[in-house]
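# Structural characterization, general
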Amino acid sequence: MSTPNKDLEKVEVRIKWDPSDQGEAPNDLDIIAATYPADEPYGSPAYLVHFDSRAPDGTITLNRDSRTGQGLGYDEEMTLELDRLSDEYGRVVVGVAIQQRDGHKTFGAIENTRVQIREGYATLAEDDFSAVGTATAAVVAEFVRDSAGGWRFHGTVRGFDGDPEAFAAAMGSRSFGA
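Just so it is clear, the structure is predicted and the values come from calculations on it, not from any experiment. (Residues numbered from 1 in each chain as written. Predicted model: local features only at pLDDT ≥ 70, side-chain atom pairs only at ≥ 80, totals over all residues. Heavy atoms only, no water.)

### Digging into the overall build of the chain
Summing up its helical and strand segments, the chain has one helix and ten strands in all. Tracing the chain from N to C terminus, the helices and strands come up as β-β-β-β-β-β-β-β-β-β-α. Over its C-alpha atoms the chain spans a radius of gyration of 16 Å, differing by no more than 12% from the 16 Å that the globule rule assigns to 178 residues. Principal-axis analysis of the C-alpha atoms places the extent of the chain at approximately 60 × 35 × 30 Å. (Helix = DSSP H or I, 4+ residues; strand = E, 2+ residues; numbered from the N terminus. Rg over C-alpha atoms; globule rule 2.2 N^0.38 Å.)

Okay, structure coming up:
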């Protein structure tokens, strides 16, 4: 059955932040996407996409990765081709984690953080992480496949305190951020 609703097809998640002051450990933020099976959308992710990885079918890719926040514009970008994602997947959760290898760092300690979620020229959501300033990671978007097979966006920024590995394991659970 066709529908006059326009579904999400190709979405871009972009983050930016200022570099650390000279002599301090670099500020390193990472976009992480977790893809969940349609029959178990709150279980363990089928796979994760982050630096040095991509979706097995090429539908989710990290286009730009920064370890310092240096440069103009957005420092890190991930593309999600939801219209190409297999029907076996029903949910994709996207988060941003701060690397903790050089000590405990929170969003509030990093200047000019920003996330933007776009489809084409349309901005779906933007946030500066100020509401989760004491967190070390945050969920920034959730995409859920509806009964007609189209994708719906749920914008949310929910903070998490822990390392990137623990965040990746918990970011898609029902109780996360509750």
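### Things to note about the pairing of strand S6 (residues 89-98)
In terms of burial, S6 is largely enclosed, as ten of its ten residues are buried. When strand S2 (residues 29-37) meets S6, the two strands line up antiparallel, connected through nine bridges. Within the sheet, the bridge partner assigned to Leu29 lies in S6 and is Ile98. Inspection of the sheet shows S6 paired to strand S9 (residues 137-145) by seven bridges, in the antiparallel sense. Bridge assignment links Val94 to a residue of S9, and that residue is Ala141. (Buried < 20%, exposed > 50% of the residue type's maximum accessible area, 1.4 Å probe, protein only. Pairing = 2+ DSSP bridges.)

### Points about a negative patch on the surface
A contiguous patch of negative charge, built from Asp39, Glu40, Asp57 and Glu88, is present on the exposed surface. Position of Glu88 relative to the elements: it lies in the loop between strand S5 (76-81) and S6. Residue Glu88 is classed as exposed on the basis of its relative accessible area, which comes to 51%. (Patch = residues over 30% accessible without salt bridge, like charges linked within 9 Å, V, L, I, M, F, W, Y side chains within 5 Å. Areas by Shrake-Rupley, 256 points an atom, 1.4 Å probe, with all protein chains shown as cover. Salt bridge = Lys/Arg side-chain N within 4 Å of Asp/Glu carboxyl O. Lys, Arg positive; Asp, Glu negative; His and termini not counted. Charge placed at Lys NZ, Arg CZ, Asp CG, Glu CD.)

### What to know about the packing of aromatic side chains
Evaluation of the coordinates by the stated rule reveals four aromatic pairs. A ring pair is formed by Tyr47 and Tyr89, whose centres lie 5.5 Å apart and whose planes are at 85 degrees; its orientation type is edge-to-face. Taken as a pair, Tyr47 in strand S3 (residues 47-49) and Tyr89 in strand S6 lie far apart in primary sequence, 42 residues in all. With 5.4 Å between their ring centres and 40 degrees between their planes, Phe143 and Phe153 make a pair best called tilted. Of the two residues, Phe143 is situated in strand S9 and Phe153 in strand S10 (residues 151-160); the sequence distance between them amounts to ten residues. Residue class for Phe143 comes out buried when judged on its relative accessible area of 0%. Between the NZ or CZ atom of Lys16 and the centre of the ring of Tyr74, over which it lies, the distance is 4.9 Å. It is Arg91 that lies over the ring of Tyr36; its NZ or CZ is 5.1 Å from the centre. (Phe/Tyr/Trp six-rings, centres within 6.5 Å; stacked < 30°, edge-to-face > 60°. Lys NZ or Arg CZ within 6 Å of the ring centre and 35° of its normal.)

### A look at the sheet that holds S5
The strand order across the open sheet formed by five strands is S4-S5-S1-S7-S8, and the pairing between neighbours is antiparallel. Since the sheet does not close on itself, it has two edges, and those belong to strand S4 (60-64) and strand S8 (122-127), each with one partner. Each strand axis lies, on average, 20 degrees off the axis of its neighbour in the sheet, ignoring direction. Relative to S5, S4 is paired through four bridges, and the arrangement is antiparallel. Directly across from Ile60, in S5, lies its bridge partner Leu80. (Axes fitted to C-alpha atoms, helices over the stretch in contact; angles between N-to-C directions.)

### Considering the sheet that holds S9
Spatial ordering of the open sheet is given by S3-S2-S6-S9-S10, a layout of five strands whose pairing is antiparallel. In this open sheet, the two strands that pair with only one neighbour each are S3 and S10. Across the sheet, the mean angle separating the axes of adjacent strands is 20 degrees when strand polarity is ignored. Note: S2 against S3, three bridges, orientation antiparallel. Pairing of Ala34 across the sheet is with Leu48, part of S3.

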